[in-house]
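Next come the chains, spelled out residue by residue.
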Amino acid sequence: MTQNDMRCTVCKQQKAQLRPRKSKLMKDLQLFLCNECFTNKREPRFAIIMVGRKDAREGKGLARVEEYLRLHRYAGDEILAKDLI
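Rules behind the numbers
Residues numbered from 1 in each chain as written. Predicted model: local features only at pLDDT ≥ 70, side-chain atom pairs only at ≥ 80, totals over all residues. Heavy atoms only, no water. Helix = DSSP H or I, 4+ residues; strand = E, 2+ residues; numbered from the N terminus. Buried < 20%, exposed > 50% of the residue type's maximum accessible area, 1.4 Å probe, protein only. Contact = heavy atoms within 4.5 Å. Areas by Shrake-Rupley, 256 points an atom, 1.4 Å probe, with all protein chains shown as cover. Lys, Arg positive; Asp, Glu negative; His and termini not counted. Charge placed at Lys NZ, Arg CZ, Asp CG, Glu CD.

### Brief notes about the overall build of the protein chain
Then step 1. The helix and strand inventory of the protein chain stands at 3 helices and 2 strands.
Then step 2. Its helices and strands in sequence order give the protein chain the pattern β-β-α-α-α, from N to C terminus.
Then step 3. In terms of overall dimensions, the protein chain has C-alpha extents of about 45 × 25 × 20 Å along its principal axes.
Then step 4. Across the 85 residues that make up the protein chain, the buried fraction comes to 34%.
Then step 5. Relative to all contacts within the protein chain whose residues are 6 or more apart in sequence, the contacts with residues 24 or more apart total 39%.
Then step 6. Here the protein chain displays about 5900 Å² of accessible surface, and carbon together with sulfur accounts for 50% of that area.
Then step 7. If you average the places of the 19 positive and of the 11 negative side-chain charges in the protein chain, the two averages end up 3 Å apart.

Printed below as a string of structure tokens:
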């Protein structure tokens, strides 16, 4: 991978420097985040949707993803209720 190919796992923007971090929602998911996403504690949009759907199916509600949804701690379009069903 060349330096020009490095993209943030969350915002998908090309960055010269990325910081590794494990996902807070999905234990085995390794992320590479730009400084802005790292500082703002963002998670990938797909991870929030997957965990939200799984927890909803299991009757656990949206407690684990509520903060990410409320504070918009992801990049991209707003996650709607229909995305979590």
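### Examining the environment of arginine 64
Then step 1. Turning to its location among the elements, arginine 64 is positioned in the loop between helix H2 (45–57) and helix H3 (66–70).
Then step 2. The class of arginine 64 is partly exposed, set by a relative accessible area of 41%.
Then step 3. Distance from arginine 64 to leucine 80, taken between C-alpha atoms, is 16 Å for residues 16 residues apart in sequence.
Then step 4. In this view, arginine 64 contacts Leu25, Val51 and Asp55; residues no more than four positions away in its chain are not counted.

Geometry only, nothing functional implied.
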